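Descriptive analysis of the structure
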Amino acid sequence: MEKLRIAVRKFDPFESTLQKLWDFFCIKNNITIEAEMVPLELHDLYEETITKKGLQNGNWDIAHLNTDWIFDAANQQAVLDLNPLIAENAPQNYPDGWHQSLLRLQQINKGTYGLPFHDGPECLIFRKDLFENPIEQQKFKSKFGYELHPPKTWEEFTQIAEFFNRPEKNLYGCVFANYPDGHNMVFIFCLLIWTRGGSLLNSRNKIDINRPEAVAALDYYRTIANNPKAVHPQSKDFGSVEAGMAFAKGEVAMSINWFGFASMCEVIEESKVKGKVDITELPHDKNHETASLNVYWLYTIGTGSKHQKLAYDFLRFATTAESDKLLTNEGGIGCRKSTWNDPEINKTIPFYHKLEMLHETALTLPQTPIWPKVAELIDKMILKSLESNIPSEKLVKETQITIQNII
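Residues numbered from 1 in each chain as written. Predicted model: local features only at pLDDT ≥ 70, side-chain atom pairs only at ≥ 80, totals over all residues. Heavy atoms only, no water.

1. Things to note about unusual backbone geometry
Of note, the bond from Tyr94 into Pro95 is cis; its omega dihedral lies within 30 degrees of zero at 0°. Checked against the element boundaries, Pro95 lands in the loop between helix H4 (83–88) and strand S4 (107–108). Positive phi values are uncommon outside glycine, yet Asn205 reaches one of about 65°. Position of Asn205 among the secondary structure elements: in the loop between helix H8 (184–194) and helix H9 (212–225). (Helix = DSSP H or I, 4+ residues; strand = E, 2+ residues; numbered from the N terminus.)

2. What about the side chain of Arg166?
For Arg166, the position within the fold is in the loop between helix H7 (154–164) and strand S8 (172–175). Not counting chain neighbours up to four residues away, the residues in contact with Arg166 comprise Glu136 and Leu171. (Contact = heavy atoms within 4.5 Å.)

3. Observations concerning the nonpolar core
Formed by 147 residues in total, the largest nonpolar core has its most connected members in Trp22, Phe157, Phe314 and Trp371. Counting residues per element, this core draws most heavily on H8, at 10 residues. For Trp22, the contacting residues outside a window of four places in its chain are Leu4, Ile31, Ile33, Glu34, Ala35, Met37, Leu310 and Phe314. (Core = buried A, V, L, I, M, F, W, Y, C linked by side-chain atoms within 4.5 Å. Buried < 20%, exposed > 50% of the residue type's maximum accessible area, 1.4 Å probe, protein only.)

4. Remarks on empty space enclosed by the protein
All told, the structure shown has 4 cavities of 30 Å³ or more when counted by the stated rule. As a volume, the largest cavity reaches approximately 280 Å³. Every residue lining the largest cavity is counted, 19 residues in all, and those nearest its centre are His118, Ser240, Trp258, Phe261 and Trp297. Elements with a contribution of two residues or more to the lining of the largest cavity: H8, helix H10 (240–248) and helix H11 (259–264). Of the residues in the lining of the largest cavity, the class split is 9 nonpolar, 8 polar and 2 charged. Considered as a void within the structure, the second largest cavity measures approximately 90 Å³ in volume. What lines the second largest cavity is Thr67, Asp68, Phe71, Leu105, Asn294, Val295, Leu365, Pro366, Gln367, Thr368 and Trp371. Each residue belonging to the lining of the second largest cavity can be placed in one class, and the counts come to 6 nonpolar, 4 polar and 1 charged. (1 Å grid on protein atoms, 1.4 Å probe; cavity = no way out; pocket = protein on both sides within 12 Å on 5 of 7 lines; lining within 4 Å. Points joined across faces, edges and corners; volume = space filled by probe spheres on them. Nonpolar A, V, L, I, M, F, W, Y, C, P; charged D, E, K, R; others polar.)

5. Regarding helix H1 (residues 12–29)
The end-to-end C-alpha distance of H1 is 26 Å, a good match for the 26 Å that 18 residues give at a rise of 1.5 Å each. Asn30, located one to two residues past H1, shows a positive phi value of around 55°. (Expected span 1.5 Å × (residues − 1).)

6. Observations regarding the sheet that holds S8
Judged by pairing direction, the sheet is mixed, and its 4 strands sit side by side in the order S8-S9-S7-S10 without closing on themselves. Only two strands of the sheet have a single neighbouring strand rather than two, namely S8 and strand S10 (277–280). Between one strand axis and the next, the sheet turns by 20° as a mean value, whatever way the strands run. The sheet contact formed by strand S7 (residues 122–127) and strand S9 (residues 252–258) spans 5 bridges and is antiparallel. Paired with Glu122 across the two strands is Trp258, which belongs to S9. (Pairing = 2+ DSSP bridges. Axes fitted to C-alpha atoms, helices over the stretch in contact; angles between N-to-C directions.)

7. Overview of the packing of H9 against helix H18 (residues 392–406)
For the pair H9 and H18, interaxial distance at closest approach is 9 Å and the crossing angle is 125°. Considering their axes alone, H9 and H18 lie oblique with respect to each other. Regarding H9 and H18, the two cross each other, and that crossing is right-handed. Contacts between H9 and H18 involve Ala214, Val215, Leu218, Asp219 and Arg222 from the first element and Ser392, Glu393, Leu395 and Val396 from the second. A per-class count over the contact of H9 with H18 returns 5 nonpolar, 1 polar and 3 charged. (Parallel < 35°, antiparallel > 145°, perpendicular 65-115°, else oblique. Left-handed = near helix turned anticlockwise from the far one by under 90°.)

Written out as structure tokens, the structure is:
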């Protein structure tokens, strides 16, 4: 029996949402073909869809791809240009239903290579019940001489993380996703550069991390990540999902993670911090401004799919306002402006409307076919910094030389 095969980013809310949407879609349209949904971890997802050419050879009809990969996928002709299908039958309220920042990265060489699926820029997630506790406020001011508030600078971030670090109560000041998967450590490193006024690109628009801001960023990262007085001890084994779950279980005071993991705290049964969470902008160097990172997930269709029309019909259904809201209620992050401002959603997740604020300072990673390889090199550099005493300046310089060889 023929099947529509969907490569799904492994994450319970994604899996449950996709299954419900497919079931609703089949009932509404009298579809009898079965969908095989295969949950895959980040590395496996890239490997199956792009490296092994699964989207080109017809092994996958639909795939979740993030915007780190979409330039690579489009240039390999792995994903379908949706422009002809959109012109014939556009998704509901397209493009006005989405913030422009969620439509830009899939626009490559005048083609459109995906529709927004899951969003939520990087932000500071914190336990507002701890920050608003009068006893904690008094203790903190007595120790540090200023009012307890979500950290504005990286120096304050370290101080507050150490203040709330209480291993005997299974509470830690902060948590990082330091499992070397080529993503999360790289993202934090980029954010640390940007919030110091730096860039990943030089004046010729080429990737160049051999600069003072990158050295300072790596110095700070390796110091805070190896600080047992501040950080959850399992950070080195955590991906973003595990770090998010540690926060949801009440084990962490602050987390730098995707907005979706703050939202998740308000909707999943395992959460022990429901109603105790808030988000704000990331800390920054005292002489520079905050920043966020906008990497989002897309629905894409494989160029080798034998079910392209059916796949697109499903994508149209899966990106309606109703479907976008369902994803949010399941624990993902809807991409539509209607979801961000929905009264019911904001009643459940009081900080949901702040997504627009995060998008105002959200930056993006360089769009280049070599970015996955560059990210892997940066990932290895960070890991080496965490596990050695090699000076950051030397690590950054050596990594840039290797990047230059790829370029």
